[in-house]
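Analysis of the macromolecular model
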Amino acid sequence: MMKSWILVFALVGGAVLVGLLQRQSLSRLEGERVILEDRVKLLGEQEEVSRRKGDQTAEKVDGVSAEEVAGYHEDLVSFYAAALNGEVEEEDVREKLREFYRRAQGFSAENIGEFVALLKEDGRIPWEVIDDEILGEIFGEVVPFELVKFLAGNRELEGWESLFQGAFVQCLKTDLSKAFKMYEEGVAAGRAEFRTTTIRSRVLIALARDYPDKMLALAQSEEFQADPDALMHLGGFVDDQLETSQEFLGFLIEIERALEKGGNAEFLATVRKDFIRESRQKVRNWSFDETKGFVMGGMNRDEMFEFFAWTRHMADLTEPEKWGEWLMEIEAEEWVEWAGDDASLQTHPLVSFVRNSARGDTSFGEEFLKTMPEGALRDEVMLEFAWRVVGRKPELVAGYLEKLPESKGRERLAEEIAHARE
């Protein structure tokens, strides 16, 4: 879909002028105050920005006239100088920033070269601001493919590597297919800038959602395997590119397919482990059914049990009744066998889940215990839950005593009830 440049402004526009101003003397604090305050307002709109990878299309640039480039240069430099002198009204800042981004949309690689030449000749804006804030932020955001073309013919520029990396990463976000083709052609041509750890890593991450098979194949190639830093925690970064439980499940399926094709088992196992570990963070974003579908559809027993060992401590999951019923399906003996000698894992996850749910509202635990079938697991859940709420609801816990079998734990609970009633 087409970019909304006004919203892009909300994301990065304020940072540009802040960077310009923060490099200047303290005598111009009033000019900085105006821009800094407006930056807060701009960034406050950031949550409205939808920048889903792959949803954008590459810019179509025809170029602008030399007169337009000159006008852009003069307007930008004049605004910069006026802001430093405290001559820009607060309400005008945002509109001006939007205008600079909007006008930059038409700049071709040649136009960028003309603009940079004018800035250098003018001298009112220091180079460290030009490369980082103006080229890197404005043109790198708005016309990244054109900026990459400009940089290809201007390698002598100070800060070139950082500029190239930032622009190419934005190309990946803007039009993944076009950017990946550029990457492949650059590698084939032996261009060193496409064979860095940073670029390799960002290419892999960019491919994760729409082309996970291509990503995994590339990551297993001889070139990428020889650059372990480009692969570091790869699975742990993939989850940030995905949203739905179906996408998460799809990535696990792609790992399985890669293994079936004779892939690098050790490497794929590491990617899978890191990915599943990070995927647990999504539990609060998905419904119970989405979470269960992902876990049951993509994980083996060890992975599922590790997942339960982590989620059992969460007291704020939606649909806790469904979680309780799911955890109740785990055989106690099987869980103990899996936990082994780790004392912290020995307790059945349902016991921990119900107990921890009582940190706030006790109603879930009270109602769930009414539905549990009699047996050792119910007794353990009831005893642990009782200990958690006895100080608040001694009369409720007293009703549990007749249902619990004789044990030292039951005896101590009776004593605690008496103490709570005093």
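Right above here is the structure, for reference.
None of these values were measured; they are calculated from a predicted model.

Criteria and cut-off values
Residues numbered from 1 in each chain as written. Predicted model: local features only at pLDDT ≥ 70, side-chain atom pairs only at ≥ 80, totals over all residues. Heavy atoms only, no water. 1 Å grid on protein atoms, 1.4 Å probe; cavity = no way out; pocket = protein on both sides within 12 Å on 5 of 7 lines; lining within 4 Å. Points joined across faces, edges and corners; volume = space filled by probe spheres on them. Nonpolar A, V, L, I, M, F, W, Y, C, P; charged D, E, K, R; others polar. Helix = DSSP H or I, 4+ residues; strand = E, 2+ residues; numbered from the N terminus. Contact = heavy atoms within 4.5 Å. Buried < 20%, exposed > 50% of the residue type's maximum accessible area, 1.4 Å probe, protein only. Polar contact = N/O pair within 3.5 Å; in protein donor to acceptor, adjacent residues only side chain to side chain. Expected span 1.5 Å × (residues − 1).

With that settled, the discussion passes to empty space enclosed by the protein. For the structure on display, the rule yields one cavity of 30 Å³ or more. Taken as a whole, the largest cavity spans an internal volume of roughly 30 Å³. Residue lining of the largest cavity: V283, W286, S287, F288, T291, L317, T318 and W323, and that is the complete set. Here the lining of the largest cavity is composed, by residue class, of five nonpolar, three polar and no charged.

Attention now moves to the side chain of Q165. You can see Q165 is positioned in helix α8 (residues 160–174). Leave out the neighbours within four places in its chain, and Q165 touches T196, T198 and I199.

Positive phi, close to 55 degrees, is recorded for H233, a residue that is not glycine. As for its placement among the helices and strands, H233 is situated in the loop between α13 (228–231) and α14 (234–238). Look at H233 and you get partly exposed, because its relative accessible area is 45%. Of note in the backbone geometry, E319 takes a positive phi value of approximately 55 degrees without being a glycine. As for its placement among the helices and strands, E319 is situated in the loop between α18 (301–311) and α19 (320–328).

Following the sequence through the fold, T174 ends up in helix α8. A distance of 2.8 Å separates a polar atom in the side chain of T174 from the backbone oxygen of Q170.

A separate point is helix α23 (residues 376–389). Along its 14 residues, α23 runs 20 Å from first to last C-alpha, staying within 8% of the 20 Å computed at 1.5 Å per residue. Along α23, the residues classified as buried are L377, R378, D379, V381, M382, L383, F385, A386 and V389. As for α23, its buried residues are in contact with α19, α21 (349–357), α22 (363–371), α24 (394–401) and α25 (408–421).

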